[in-house]
Amino acid sequence: MDVSLVMVRADGSSREFKLERDTTVIGRDEHARLRIPLPSVSRRHCELKHDGDEVTVTDLGSANGTFVNGQKAKTAELSPGDLLAVGPVVFVVRIDGFPCDIDAKDAYAAGLVAAASEDGRPGIPAAGRTSPPKPPAAAPPAPRKSLLDDDDDNDVNISQLLKDLDFDDDDDDEKPGPAKPPAPGPKKK
């Protein structure tokens, strides 16, 4: 079974990552097989496994959750064309070449859960939330920009970070070690 994740973006571009191994960890950690260097992605965010005819994703206790087709998932079986959202990054699941054609703009819009949800609140769509929704505001909120859109006011260009998304296929048997201590900062007086 050939399994790949096709990262789709709002500008219509896409990039395919073929999963050569049976298990792939996605996260911010330098030891993650598919590394996404964004603060909204946990160090070890989720894990994909393909075994025989089944592909599953399991959330690894991430702070912001893993979403499949807009629904928060602890563990879910994936099918061709499913949308997997890890933080602000949206992937289309491709199995054995299907789906062949992907409209990146439409897939990105359908899979993004970091933008405003149905009731205007960011994060988890209203269907996956346990608290009651807020009453609607008197005036509709201003449209929110996606985290992947270029914004001249931001110091960090997230689109550029994702351009350099790291798919590490070099660490055959390397296991994640202890977390590195943060670099010392200036001392407060």
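Our subject is the structure that appears above.
Residues numbered from 1 in each chain as written. Predicted model: local features only at pLDDT ≥ 70, side-chain atom pairs only at ≥ 80, totals over all residues. Heavy atoms only, no water.

**A word on the pattern of salt bridges**
Next, step 1: Tallied over the full model, the rule gives four salt bridges.
Next, step 2: A salt bridge links Glu 47 to Lys 49, with the nearest nitrogen and oxygen atoms 3.8 Å apart.
Next, step 3: Exposure remark for Glu 47: the relative accessible area of 16% places this residue in the buried category. (Salt bridge = Lys/Arg side-chain N within 4 Å of Asp/Glu carboxyl O. Buried < 20%, exposed > 50% of the residue type's maximum accessible area, 1.4 Å probe, protein only.)

**A closer look at the sheet that holds strand 10 (residues 83–86)**
Next, step 1: Taken in spatial order, the six strands of this open sheet run 2-1-11-10-7-8, and their pairing is antiparallel. Each having just a single partner strand, strand 2 (14–19) and strand 8 (71–72) make up the two edges of the open sheet.
Next, step 2: Relative to strand 10, strand 7 (residues 66–68) is paired through three bridges, and the arrangement is antiparallel. Following the sheet pairing, Thr 66 is matched in strand 10 by Val 86. (Pairing = 2+ DSSP bridges. Helix = DSSP H or I, 4+ residues; strand = E, 2+ residues; numbered from the N terminus.)

**As for the packing of aromatic side chains**
Two descriptors summarise a pair of aromatic rings, namely the distance from one centre to the other and the angle between the planes of the rings.
Next, step 1: Using the criterion set out here, one finds one aromatic pair in the structure.
Next, step 2: Note on Phe 17 and Phe 91: the rings are 6.4 Å apart at their centroids and 80 degrees apart in plane angle, and the pair reads as edge-to-face. Residue Phe 17 is found in strand 2, and its partner Phe 91 is found in strand 11 (residues 89–95); the two are separated by 74 residues along the sequence. Considered together, Phe 17 and Phe 91 belong to a single accessibility category, that of buried residues. (Phe/Tyr/Trp six-rings, centres within 6.5 Å; stacked < 30°, edge-to-face > 60°.)

**Quick look at the side chain of Asp 29**
Next, step 1: Assignment of secondary structure puts Asp 29 in the loop between strand 3 (23–27) and strand 4 (34–35).
Next, step 2: With residues near it in sequence (within four places) discarded, Asp 29 still touches Arg 35 and Arg 43. (Contact = heavy atoms within 4.5 Å.)

**Things to note about the side chain of Ser 4**
Next, step 1: Here Ser 4 shows up in strand 1 (residues 3–8).
Next, step 2: The class of Ser 4 is buried, set by a relative accessible area of 5%.
Next, step 3: In this structure, Ser 4 is in contact with Glu 16, Phe 17, Lys 18, Leu 19, Val 92, Val 93 and Arg 94, ignoring residues within four places of it in sequence.

**So, unusual backbone geometry**
Most of the time, phi is negative for any residue but glycine, and the peptide bond is trans.
Next, step 1: Cis geometry is found at the peptide bond from Phe 98 to Pro 99, where omega equals 0 degrees.
Next, step 2: Turning to its location among the elements, Pro 99 is positioned in the loop between strand 11 and helix 1 (104–111).
Next, step 3: Positive phi, close to 55 degrees, is recorded for Asn 69, a residue that is not glycine.
Next, step 4: Within the secondary structure, Asn 69 is located in the loop between strand 7 and strand 8.
Next, step 5: On the accessibility criterion, Asn 69 (40% relative accessible area) is partly exposed.
Next, step 6: A positive phi angle is found at Asp 96, which is not glycine, with a value near 50 degrees.

**Considering the pairing of strand 9 (residues 75–78)**
Next, step 1: By the alternation rule, side chains of strand 9 split into Ala 76 and Leu 78, which are all buried, and Thr 75 and Glu 77, of which none is buried.
Next, step 2: Inspection of the sheet shows strand 6 (residues 54–59) paired to strand 9 by four bridges, in the antiparallel sense. Paired with Val 55 across the two strands is Leu 78, which belongs to strand 9.

**A closer look at a negative patch on the surface**
Next, step 1: A cluster of like negative charges, contributed by Asp 22, Asp 51, Asp 53, Glu 54, Glu 77 and Asp 96, occupies part of the molecular surface.
Next, step 2: On the secondary structure map, Asp 96 appears in the loop between strand 11 and helix 1. (Patch = residues over 30% accessible without salt bridge, like charges linked within 9 Å, V, L, I, M, F, W, Y side chains within 5 Å. Areas by Shrake-Rupley, 256 points an atom, 1.4 Å probe, with all protein chains shown as cover. Lys, Arg positive; Asp, Glu negative; His and termini not counted. Charge placed at Lys NZ, Arg CZ, Asp CG, Glu CD.)

**Quick word on the environment of Leu 38**
Next, step 1: Mapped onto the fold, Leu 38 is located in the loop between strand 4 and strand 5 (46–51).
Next, step 2: By relative accessible area, Leu 38 is classed as buried at 3%.
Next, step 3: Between the C-alpha atoms of Leu 38 and Gly 87, which are 49 residues apart in sequence, the distance is 8.1 Å.

On their own, these measurements won't tell you what the molecule is for.
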